[in-house]
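One-letter residues, chain by chain:
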Amino acid sequence: MKRREFITLLGGAAAWPLAARAQQPAMPVVGFFRSTPSAPFMHLVAAFQQGLRDEGFIEGQNVSIEYRSADNQLDQLPSLAADLVRRQVTVIVGNTQAAKAAKAVTQSIPIIFVTGEDPVTTGLVDSLNRPSGNLTGVVFFASGHLGTKRVELLHELVPKPAIIAVLMDPGFATELPGVEAAGRALGRQLLVIMMKAASERELDAAFSAIVQAGAGALVVGGGPFFTSERSRLVALAARHAIPAIYDARDHVEAGGLMSYGTSLTGAYRQAGLYAGRILKGAKTSELPVMQPTTFELVINLKTAKALGLTVPLIMQMTADEVIE
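Residues numbered from 1 in each chain as written. Predicted model: local features only at pLDDT ≥ 70, side-chain atom pairs only at ≥ 80, totals over all residues. Heavy atoms only, no water.

Think of a sheet as strands paired side by side through backbone hydrogen bonds, with each pair either parallel or antiparallel. The strand order across the open sheet built from 7 strands is E7-E6-E8-E9-E10-E11-E12, with neighbouring strands paired in mixed fashion. Pairing within the sheet leaves two strands with one partner each, and these edge strands are strand E7 (190-194) and strand E12 (321-323). When strand polarity is set aside, the average angle formed by the axes of neighbouring strands in this sheet is 15°. Each of strand E6 (163-168), strand E8 (215-220), strand E9 (244-246), strand E10 (258-261) and strand E11 (296-300) is contacted by helix H6 (residues 146-157), which is oriented at about 155° to E10, the strand it contacts most. In the packing of helix H10 (residues 230-239) onto the sheet, the strands contacted are E6, E8 and E9, and the crossing angle to E9 comes to about 165°. (Pairing = 2+ DSSP bridges. Helix = DSSP H or I, 4+ residues; strand = E, 2+ residues; numbered from the N terminus. Axes fitted to C-alpha atoms, helices over the stretch in contact; angles between N-to-C directions. Contact = heavy atoms within 4.5 Å.)

With that settled, the discussion passes to the packing of aromatic side chains. Pairs of aromatic rings are described using the distance from one ring centre to the other and the angle between the two planes. Applying the stated criterion to the full structure yields 5 aromatic pairs. In this structure an aromatic cluster arises from ring pairing among Phe 32, Phe 48, Tyr 67 and Tyr 268. In this structure, Arg 34 packs its charged tip against the face of Phe 41, placed 4.1 Å from the ring centre. For Arg 230, the ring lying beneath its charged end belongs to Phe 41, and the centroid distance is 5.8 Å. (Phe/Tyr/Trp six-rings, centres within 6.5 Å; stacked < 30°, edge-to-face > 60°. Lys NZ or Arg CZ within 6 Å of the ring centre and 35° of its normal.)

In structure tokens, the structure reads:
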């Protein structure tokens, strides 16, 4: 619908009889809730909106969306969650930290999480196939597989006996055993740095430690902070000429060397589908937690060239996307 037509319709609504307007059903409200800044994640908002559209819900026409972002200030999450509850939203969609905050303030409003952590271990649900309570969601992490594969891929590009640094969010520590096992199998020494919801200054300090240790490559684990600060991470890796592999294609599109993981946009589109089904009357217990089934390798050849690396042709051929 064109904007002018939409405005005309709104203006016409003012002339409707009061009784007719009173009969119009209230527009359901969805809370879209994240612990991160909003600007770096507008592509996820678009994917979520697409999922809603696939279920027949279009923002501004038959559904309203309330957006809440904590800008990485985790202490703000409880008040933001409480605000959505006061707003009487029909369903809340959030990343891991946001979903936890929402769970703490409501046991009745359905909550759809999108997480890179194990939702059973973190206490979001009791079971993946039969979630109880008011939560279900989408997982974009496969425990034990992704960390191992990232180290192996990086080893192919940087086979020298250099130290491999690992930058990891403690909330995603389930990746660490796979990373450590891959390092031992390849005979590579690892430098593990744990960092949660840090500042730019702390990122600078982490890279100083990586450089001082003589690390020649870097594995960046999953986590909303690392994704929201992807431009900063990529710039630091470029400044210090450190080949790095990330968990999501967003980093590669920002200039990073390569990524291996599941699709964040796909996960948020699925969250939109689930939100639409709940708006139609489905219960969270009827919607099993969705787990990843496909994984993608993305390589930036321009960045590889700048680092003096040659990407094997077989790796290029097996990649899901090669950015030149």
